[in-house]
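# A structural walkthrough
Below, each chain spelled out in residue letters.
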Amino acid sequence: LISATQDVALDGWALTMFAKDKPHHSSTCQLLGGSMGTVFSTTVFLALNSPDFCNSYIRRIPQHQGILSLSAFTTVCGLFSLIMSLITAFLTTESAFYNKPSTSIDHAYKTIKLITSIPHVQSMAMVLMLTHV
């Protein structure tokens, strides 16, 4: 639930920052961030958790455990997320990028109706509904 909420918030923030000038920057940033997160959360953790990898490539004196345990890894990731959130909240300004969207509820429903009237969107919605039953 938290991950989905963060994803929606990040998508919305990216759209407000990059929508008018360079929309391709939004998808590029999100793709690179997601890929880097996947690499660090799986490959790097598994390598540093593995005694064989650590003894072969990092340590001079072999030991029976890896350098990084699961609890240490989650603590480091949690602190990193907290620090980055605080930096984003207090040191990032959006005023130069922000394009004020229409806040009318009527405008929102008209946009939804316009999007859902596209045949390809209807087909994709049908496929997604049938495959996730």
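Each remark here, short or long, concerns the structure printed above.
Since this is a predicted model, take the numbers as computed values, not measurements.

What follows is about the overall build of the protein chain. Along its length, the protein chain carries 6 helices and 0 strands. Listed N to C, the secondary structure of the protein chain is α-α-α-α-α-α in terms of helices and strands. Residue burial in the protein chain is summarised as follows: out of 133 residues, 9% are buried. Put simply, of all contacts in the protein chain between residues at least 6 apart along the chain, 28% involve residues at least 24 apart. Of the roughly 11,200 Å² that the protein chain leaves accessible, carbon and sulfur atoms contribute 70%.

A volume near 1,400 Å³ is recorded for the largest pocket. As for the largest pocket, its lining consists of 30 residues, and the residues nearest its centre are Gln 6, Leu 10, Gly 33, Phe 80 and Met 84. For the lining of the largest pocket, the elements supplying multiple residues, two or more each, are α1 (2-18), α2 (23-49) and α4 (70-91). For the lining of the largest pocket, the leading source of residues is α2, giving 11 residues. A per-class count over the lining of the largest pocket returns 17 nonpolar, 11 polar and 2 charged.

So, on to the pattern of salt bridges. For the structure shown, the criterion picks out 1 salt bridge. The residue Lys 110 makes a salt bridge to Asp 106 at a minimum N-O spacing of 3.2 Å. In this pair, Lys 110 and Asp 106 are both assigned in helix α5 (residues 105-116), 4 residues apart and thus about one turn of the helix distant. For Lys 110, a relative accessible area of 54% translates into the label exposed. Residue classification places Asp 106 among the partly exposed positions, given a relative accessible area of 43%.

Right, let's get into the side chain of Arg 59. Assignment of secondary structure puts Arg 59 in the loop between α3 (51-57) and α4. Although Arg 59 lies buried, it forms no salt bridge, and the closest oppositely charged side chain, Asp 52, sits 8.8 Å away as judged by the N-O distance. A distance of 2.7 Å separates the side chain of Arg 59 from the backbone oxygen of Gln 65, its partner in a polar contact. Those residues in contact with Arg 59, other than ones at most four positions away along the chain, are Cys 54, Gln 65, Gly 66 and Ile 67.

This paragraph deals with the environment of Gln 65. Position of Gln 65 relative to the elements: it lies in the loop between α3 and α4. Overall, Gln 65 belongs to the partly exposed group, its relative accessible area being 46%. Expressed as a C-alpha distance, the spacing of Gln 65 and Asp 52, which sit 13 residues apart in the sequence, is 8.5 Å.

This next bit is on α1. For an α-helix the count is 3.6 residues per turn, leaving residues at separations of three or four pointing the same way. Given a rise of 1.5 Å per residue, 17 residues ought to cover 24 Å, and the 24 Å separating the end C-alpha atoms of α1 matches this to within 8%. Buried within α1 we find Ala 14, Thr 16, Met 17 and Phe 18. What you see down the axis of α1 is that its buried residues fit within an arc of 170°, all on one side. In this structure, α1 carries Val 8 and Leu 15 as exposed residues pointing more than 90 degrees from its buried face. Next to the buried residues of α1 lie α2.

Parameters and conventions
- Residues numbered from 1 in each chain as written.
- Predicted model: local features only at pLDDT ≥ 70, side-chain atom pairs only at ≥ 80, totals over all residues.
- Heavy atoms only, no water.
- Helix = DSSP H or I, 4+ residues; strand = E, 2+ residues; numbered from the N terminus.
- Buried < 20%, exposed > 50% of the residue type's maximum accessible area, 1.4 Å probe, protein only.
- Contact = heavy atoms within 4.5 Å.
- Areas by Shrake-Rupley, 256 points an atom, 1.4 Å probe, with all protein chains shown as cover.
- 1 Å grid on protein atoms, 1.4 Å probe; cavity = no way out; pocket = protein on both sides within 12 Å on 5 of 7 lines; lining within 4 Å.
- Points joined across faces, edges and corners; volume = space filled by probe spheres on them.
- Nonpolar A, V, L, I, M, F, W, Y, C, P; charged D, E, K, R; others polar.
- Salt bridge = Lys/Arg side-chain N within 4 Å of Asp/Glu carboxyl O.
- Lys, Arg positive; Asp, Glu negative; His and termini not counted.
- Polar contact = N/O pair within 3.5 Å; in protein donor to acceptor, adjacent residues only side chain to side chain.
- Expected span 1.5 Å × (residues − 1).
- Arc of directions from axis to C-beta.

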